[in-house]
Amino acid sequence: MRLNYTPIMTLEYTIQLATQKAITALYKIDLPLEQIVLQETRKEFEGQITLVTFPVIRLSKKSPEQTGTELGEYLKKQVKEIASFNVIKGFLNLSINDTYWIKQLQQHILKSDYGQFKPNGQKVMVEYSSPNTNKPLHLGHVRNNLLGYAVAQILTAYGYEVIKVNLINDRGIHICKSMLAWTLFGNNETPESSGLKGDHLVGKYYVIFDKEYKKQIEELQNAGQTEEEAKKNAPLIRQAQELLLQWEAGDEQVITLWKKMNSWVYAGFDKTYKKLGVDFEKYYYESDTYLLGKDIIEEGLTKGVFFKKSDGSVWIDLTADGLDEKLVLRADGTSVYITQDLGTAQLKYNDYQMDQSIYVVGNEQDYHFKVLFLILKKLGKTWANGLYHLSYGMVDLPSGKMKSREGTVVDADDLIDEMITTACKRTEELGKIDGFSEEEKQELYRMIGLGALKYFLLKVEPKKRLLFDPNESIDFQGNTGPFIQYTYARINSILTKAHYVQHDANHSTSLTAVERDLLVTLIKYPTIIEASAKEHSPAHIANYIFELAKLYNKFYHEEPILKAEDTSVKQFRLHLSAGTASVIKKGMQLLGILVPNKM
RNA sequence: GGACCUGUGGCUCAAUUGGAUAGAGCACCUGACUACGGAUCAGGAGGUUAGGGGUUCGACUCCCUUCAGGUCCA
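Residues numbered from 1 in each chain as written. Chains lettered and ligands numbered in written order. Predicted model: local features only at pLDDT ≥ 70, side-chain atom pairs only at ≥ 80, totals over all residues. Heavy atoms only, no water.

Asker: How do you make sense of the packing of helix H11 (residues 252-276) against helix H16 (residues 412-430) when you look at a structure like this?
Answerer: Packed helix pairs are specified by the crossing angle of their axes together with the interaxial distance, meaning the distance between the axes. Viewed as axis vectors pointing N to C, H11 and H16 meet at an angle of 35°, and their least axial separation amounts to 11 Å. Where H11 crosses over H16, the handedness of that crossing is left-handed. When H11 is examined against H16, the residues Thr272, Lys275 and Leu276 are found in contact with a partner set consisting of Ala412, Asp413, Ile416 and Asp417. (Axes fitted to C-alpha atoms, helices over the stretch in contact; angles between N-to-C directions. Helix = DSSP H or I, 4+ residues; strand = E, 2+ residues; numbered from the N terminus. Left-handed = near helix turned anticlockwise from the far one by under 90°. Contact = heavy atoms within 4.5 Å.)

Asker: Looking at this structure, how should I read the sheet that holds strand S8 (residues 307-308)?
Answerer: Note on sheets: strands pair through backbone hydrogen bonds, and any given pair is parallel or antiparallel. The three strands lie next to each other as S8-S9-S10, forming an open sheet whose pairing is antiparallel. Either end of the sheet is taken by a strand with one partner, and the two such strands are S8 and strand S10 (325-329). As defined by bridge partners, S8 adjoins strand S9 (residues 314-317) across two bridges and the pair is classed as antiparallel. Across the sheet, the residue bridging to lysine 308 is valine 314, located in S9. (Pairing = 2+ DSSP bridges.)

Asker: Explain the packing of aromatic side chains here, please?
Answerer: Two aromatic rings, taken as a pair, are described by how far apart their centres are and by the angle between their planes. Going through the model one piece at a time under the given rule, you end up with 23 aromatic pairs. For the pair phenylalanine 269 and tyrosine 273, a centre-to-centre distance of 6.2 Å together with 50° between the ring planes defines the contact as tilted. You can see phenylalanine 269 and its partner tyrosine 273 sitting in helix H11, four residues apart, about one turn around the helix. Here phenylalanine 269 and tyrosine 273 have matching classes, each one buried. Through successive ring pairs, a cluster of aromatic residues spans Tyr128, Tyr266, Phe269, Tyr273, Phe280, Tyr283 and Tyr285. The ring of tyrosine 290 has arginine 171 lying over it, and the distance from NZ or CZ to the ring centre is 3.9 Å. Sitting over the ring of tryptophan 315, lysine 309 keeps its end group 3.8 Å from the ring centre. (Phe/Tyr/Trp six-rings, centres within 6.5 Å; stacked < 30°, edge-to-face > 60°. Buried < 20%, exposed > 50% of the residue type's maximum accessible area, 1.4 Å probe, protein only. Lys NZ or Arg CZ within 6 Å of the ring centre and 35° of its normal.)

Asker: Whenever I open this one, the side chain of serine 178 confuses me. Can you help?
Answerer: Its location among the elements puts serine 178 in helix H6 (residues 173-185). On the basis of relative accessible area, serine 178 is assigned to the buried category, the value being 0%. The residues touching serine 178, leaving out its near neighbours within four places in the chain, are Asn134, Val202, Tyr205, Tyr206 and Met261.

Asker: Is there a simple way to explain the environment of proline 32 in this structure?
Answerer: Mapped onto the fold, proline 32 is located in the loop between helix H1 (7-27) and strand S1 (38-40). Separated by 113 residues in the primary sequence, proline 32 and asparagine 145 place their C-alpha atoms 43 Å from one another.

Asker: What exactly am I supposed to notice about the protein's contact with RNA strand B here?
Answerer: Around RNA strand B, the structure places 57 residues, and the nearest of them are Lys89, Lys432, Arg490, Glu535 and Tyr556. Among all atoms of RNA strand B positioned within 4 Å of the protein, those belonging to sugar or phosphate total 62%. Separating a base nitrogen of RNA strand B from a side-chain N or O atom of threonine 427 is a distance of 3.3 Å. Glycine 478 places a main-chain nitrogen or oxygen 3.5 Å from a phosphate oxygen of RNA strand B. Here the element with the most residues in the surface near RNA strand B is helix H18 (residues 481-497); it accounts for eight residues. (Near = heavy atom within 4 Å. Polar contact = N/O pair within 3.5 Å; in protein donor to acceptor, adjacent residues only side chain to side chain.)

Asker: How do you make sense of the pattern of salt bridges when you look at a structure like this?
Answerer: Should their charged atoms come close, side chains of opposite charge can pair. Under the definition given, this model contains 28 salt bridges. Note that glutamate 299 is salt-bridged to lysine 303, the shortest N-O span being 3.0 Å. On the criterion of helical spacing, the pair formed by glutamate 299 and lysine 303 is a turn pair, its members being four residues apart in helix H13 (residues 294-303). Taking the relative accessible area as the measure of exposure, glutamate 299 reaches 24% and is therefore partly exposed. According to the relative accessible area criterion, lysine 303 is partly exposed, its value standing at 48%. A salt bridge links glutamate 530 to lysine 534, with the nearest nitrogen and oxygen atoms 3.7 Å apart. Taken together, the residues glutamate 530 and lysine 534, both in helix H20 (residues 525-535) and four residues apart, mark about one turn of the helix. On the accessibility criterion, glutamate 530 (17% relative accessible area) is buried. (Salt bridge = Lys/Arg side-chain N within 4 Å of Asp/Glu carboxyl O.)

Asker: Please explain unusual backbone geometry as it appears in this structure.
Answerer: Note: most peptide bonds trans; most residues except glycine with negative phi. Notably, serine 129 is not glycine yet its phi reads approximately 80°, a positive angle. Looking at where serine 129 falls in the secondary structure, it is placed in the loop between strand S5 (123-127) and helix H5 (139-157). Using a relative accessible area of 3% as the deciding quantity, one classes serine 129 as buried. The backbone of serine 130 shows a phi angle near 40°, a positive value even though the residue is not glycine. When you line up the elements, serine 130 lands in the loop between S5 and H5.

Asker: Can you walk me through the pairing of strand S11 (residues 356-362) in this structure?
Answerer: A regular strand places its side chains on the two faces of the sheet in alternate fashion. Burial runs high along S11: six of the seven residues are buried. Sheet topology note: the S5/S11 ladder contains four bridges and is parallel. Residue valine 126 lies in a different strand from S11, and its bridge partner there is isoleucine 358. For S11 and strand S12 (residues 387-392), the ladder comprises six bridges, and the chain directions are parallel. Paired with glycine 362 across the two strands is tyrosine 392, which belongs to S12. Tracing the backbone out of S11, into helix H15 (residues 366-378) and back to the parallel element S12 gives a crossover that is right-handed. (Right-handed = clockwise from strand over helix to strand, strands pointing away.)

Asker: So what exactly am I meant to see when it comes to the side chain of lysine 586 here?
Answerer: Turning to its location among the elements, lysine 586 is positioned in helix H22 (residues 567-590). Ignoring any residue separated from it by four or fewer positions in sequence, one finds lysine 586 in contact with Lys111, Ser112, Tyr114 and Tyr525.

Asker: Looking at this structure, I do not really get the sheet that holds strand S4 (residues 91-96). What am I missing?
Answerer: With antiparallel pairing, four strands are arranged side by side in an open sheet as S1-S2-S4-S3. Each edge of the open sheet is held by one strand with a lone partner, namely S1 and strand S3 (82-88). Mean inter-strand twist for the sheet, computed between neighbouring axes without regard to direction, equals 30°. As paired strands, S1 and strand S2 (residues 49-52) are joined by three bridges and run antiparallel to one another. Residue pairing for S2: glutamate 40 is matched across the bridge by isoleucine 49. Where H1 meets the sheet, its contacts fall on S1, S2, S3 and S4, and the angle it forms with S2 comes to roughly 35°.

Asker: How do you make sense of H5 when you look at a structure like this?
Answerer: An α-helical turn contains 3.6 residues, so a residue and the one three or four places further along point in the same direction. Its 19 residues give H5 an end-to-end C-alpha distance of 27 Å, which sits within 8% of 27 Å, the value for a rise of 1.5 Å per residue. Of all 19 residues making up H5, 17 are buried, and the element is well covered by its neighbours. Looking one or two residues past H5, glycine 159 carries a phi angle of roughly 105°, positive in sign. (Expected span 1.5 Å × (residues − 1).)

Worth remembering: the numbers are spatial, not functional.
Now the structure itself:
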């Protein structure tokens with residue numbers, strides 16, 4: 001049964017309507033529904049749903065306590081789910097009867113598609129990863145990839161049709177640098193001959209270029225040139241620029257080399273993507289799109305959105321919007337970044353006619369996207385309203401920013417391998433996986449290592465910057481991926497032992513406090529998906545699953561499951577365990593994290 | 001010069017978008033039916049939410065200002 005709305009909403013709506021009636025009956029006042037504020041009851045108080053009475057007090061002209069009590073009494077009579085209530089300060093805490101919570105288990109939580117919303121008929125594109133083809137992926141890219149993938153998963157669960165897209169920056173001066181260095185110093189080295197992963201091989205020559213380039217600059221400076229002159233005059237940079245011109249002219253040899261080196265990089269990226277578990281429906285290449293956008297410039301000029309300066313360059317004046325004047329086409333008629341992005345945006349829309357489009361790009365480009373979206377709106381593109389920049393903070397090292405050219409990066413492949421190795425060590429120390437084949441072991445280490453890494457990166461609010469200390473390895477205890485995986489494995493073990501089969505999960509006796517807490521938390525899952533989707537933030541999901549796992553462990557310690565004396569209690573607790581396991585698995589899946597049956 | 005983002009116990013993060021006594025994890029200290037899986041659980045200690053002012057029944061959250069870190073635009 002797919003959801004139209006979150007399960008708890010039905011009950012909340014009932015309570016809101018009843019409250020509205022109560023206010024009319026008691027105080028002869030009509031209060032709009034949105035002023036009736038419900039929230040989750042804080043753990044230290046009794047009850048599950050809380051009505052904030054302050055907005056009502058202004059009208060009732062009575063004390064918070066009295067208002068709360070009057071409303072509580074009315075609601076208790078009118079809403080059958082409300083078993084009791086208490087009033088503390090201005091807060092009316094409502095206790096919902098156990099029957100209601102137990103019913104949710106059967107009706108929603110244990111359903112195989114729990115958490116999946118009905119298709120909403122909207123298409124959304126998520127563009128992420130967007131690498132350059134001159135170097136391998138690093139930790140920053142990893143954050144980008146995981147975010148993009150998770151957001152895509154979450155939006156799918158929320159009922160969108162999602163198209164995952166990768167726009168590859170495969171042209172420009174940077175790749176020419178690698179090409180040149182390889183030609184000059186490479187001795188025909190290939191991934192096969194060197195055993196290097198393709199992207200690492202090309203990245204190696206990017207670094208060599210930089211090193212040699214710096215040498216030349218120094219020599220020129222010693223010969224009396226200023227730094228600025230030297231940077232411009234160094235033979236290597238001139239050659240690279242020449243190479244770029246040849247590329248643009250379609251020089252056959254250059255194109256062949258370019259294709260060859262890019263194919264190495266793609267083979268390397270594919271491996272990394274596969275390890276990370278991310279994928280794309282469609283690849284766009286900047287070599288195809290970099291000339292786009294010029295017709296949009298024309299369109300803007302005729303519409304009077306852009307203006308031409310005397311030197312022939314084209315601009316847009318955004319000062320009225322609090323921004324600057326922005327160049328959109330150079331005097332010599334060549335594009336700038338934003339020109340092609342305008343064109344690419346139009347191209348993507350023509351291809352898919354999506355309702356929304358999300359760009360997963362670092363926050364250093366906040367200004368760029370603000371301008372891009374604003375221009376498209378000014379051009380009258382109605383679809384521009386669906387554009388969204390999912391801006392995330394940089395991943396910094398204790399030493400500062402990562403810089404590929406200077407070699408101060410945390411390489412994605414290295415990091416992944418390291419995580420897997422650590423997972424292997426930890427697991428072997430604990431020695432709980434007797435009977436695993438070698439293949440199963442490797443599979444498990446990958447699951448745990450990547451689970452730790454992914455959870456570490458996704459539990460933080462995207463827009464916050466992330467500090468990563470390579471010397472302090474990522475934790476496996478506490479608020480971590482492995483903790484959650486462990487909880488899942490533990491539940492799985494119990495269910496297996498009990499030969500659990502899912503069937504009617506009715507239960508008539510009353511609930512213990514932890515059992516009720518667990519149910520209340522479990523039924524919140526769709527609400528979290530909704531918030532997560534609306535805010536484009538996987539962190540909500542991550543924190544929620546952690547809360548759930550923690551709560552289950554508490555339950556596990558407080559209440560006997562297999563040893564429960566009453567068989568119906570035992571059955572019920574097994575159902576509860578199964579529901580928890582299922583939500584953990586689904587939630588982790590939204591983050592792109594797998595959970596093991598045993599670990 | 002202008003604009004944007006961030007600032008919460010020693011460290012890493014939360015806080016239902018303006019609600020109750022600001023919650024977790026790591027690290028530290030104490031403990032757990034002689035483990036239904038201890039990668040667990042219970043408890044302790046640790047906070048003027050960067051500083052100051054304002055708005056109101058109520059502010060980590062909104063406004064003003066100062067400071068610190070980061071980023072972008074010309």
